[in-house]
Amino acid sequence: MRDYTKLRAFVLADEIALCIYRITKGFPKEEVFGLTSQMRRSCISVPSNIVEGSARLTIADYRRFIEIAYASLKELHYQFSLAERLGYIENPIATEVNGKILEAEKVLGSLLQALWKKNF
């Protein structure tokens, strides 16, 4: 089993989840069951799947959960972009969090590539 706390991908995903929860507190009330809920689910899925995958015994299982985390992060990236374009997120915060999302995508993508190479 792996120590997920040592993974840069987990640290970034955890930071992003905290940011998304703080940001979505200020979303319009009509978005509670829409974009707010979707973004919160996506942002929680990323670190949660990294943690669950780290507890798996095989590389194949680990990789599958990292793939799910990566897909959830891509989903969150779109939702974040939409919320920004709708005017729900102010620019300085949007730039900072978007940077974290992009970095997390690169880190998770690199981890996935490494895991694919391990199996072949």
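Described below are features of the structure shown in this document. (Residues numbered from 1 in each chain as written. Predicted model: local features only at pLDDT ≥ 70, side-chain atom pairs only at ≥ 80, totals over all residues. Heavy atoms only, no water.)

**Quick look at helix 2 (residues 35–54)**
At step 1: End to end, helix 2 covers 29 Å across 20 residues, agreeing with the expected 28 Å (1.5 Å per residue, within 8%).
At step 2: Within helix 2, the axis deviates most sharply at Ser 45, by approximately 25 degrees, and proline Pro 47 lies no more than four positions further along.
At step 3: Taken together, the buried positions of helix 2 are occupied by Leu 35, Thr 36, Met 39, Ser 42, Cys 43, Ser 45, Val 46, Pro 47, Asn 49, Ile 50, Gly 53 and Ser 54.
At step 4: Contacts from the buried residues of helix 2 go to helix 1 (8–24), helix 3 (59–85) and helix 4 (91–118). (Helix = DSSP H or I, 4+ residues; strand = E, 2+ residues; numbered from the N terminus. Expected span 1.5 Å × (residues − 1). Bend = angle between axes of the 7 residues up to and from the residue. Buried < 20%, exposed > 50% of the residue type's maximum accessible area, 1.4 Å probe, protein only. Contact = heavy atoms within 4.5 Å.)

**Looking at the packing of aromatic side chains**
At step 1: According to the stated counting rule, one finds 2 aromatic pairs in the structure shown.
At step 2: Both rings, one in Tyr 4 and one in Phe 10, keep their centres 4.8 Å apart while their planes meet at 70 degrees; by these two values the pair is edge-to-face.
At step 3: Ring geometry for Phe 27 and Tyr 88: centres 5.2 Å apart, planes at 50 degrees, overall tilted. Residue Phe 27 is located in the loop between helix 1 and helix 2, and its partner Tyr 88 is located in the loop between helix 3 and helix 4; the two are separated by 61 residues in the primary sequence.
At step 4: Assessed through its relative accessible area of 5%, Phe 27 is described here as buried.
At step 5: Arg 2 extends its terminal NZ or CZ atom over the ring of Tyr 62, reaching a point 4.1 Å from the ring centre.
At step 6: In this structure, Arg 63 packs its charged tip against the face of Trp 116, placed 3.8 Å from the ring centre. (Phe/Tyr/Trp six-rings, centres within 6.5 Å; stacked < 30°, edge-to-face > 60°. Lys NZ or Arg CZ within 6 Å of the ring centre and 35° of its normal.)

**Some words on the packing of helix 1 against helix 4**
At step 1: Put simply, helix 1 and helix 4 touch, their axes get as near as 9 Å, and they point 150 degrees apart. Viewed along their axes, helix 1 and helix 4 adopt a mutual orientation that is roughly antiparallel. Taken as a pair, helix 1 and helix 4 cross one another with a handedness that is left-handed. Where helix 1 abuts helix 4, its residues Arg 8, Ala 9, Leu 12, Glu 15, Ile 16, Cys 19, Ile 20 and Ile 23 lie against Ile 93, Val 97, Lys 100, Ile 101, Glu 103, Ala 104, Val 107 and Leu 108. (Axes fitted to C-alpha atoms, helices over the stretch in contact; angles between N-to-C directions. Parallel < 35°, antiparallel > 145°, perpendicular 65-115°, else oblique. Left-handed = near helix turned anticlockwise from the far one by under 90°.)

**Let's talk about the state of the cysteines**
At step 1: A full pass over the atoms with the stated rule returns 0 disulfides.
At step 2: Here Cys 19 stays unpaired: no disulfide links it, and the sulfur of Cys 43, its closest cysteine neighbor, is 9.5 Å away.
At step 3: The exposure class of Cys 19 is buried, given its relative accessible area of 14%.
At step 4: In this structure Cys 43 comes out as buried when scored by relative accessible area, which is 1%. (Disulfide = S-S within 2.5 Å.)

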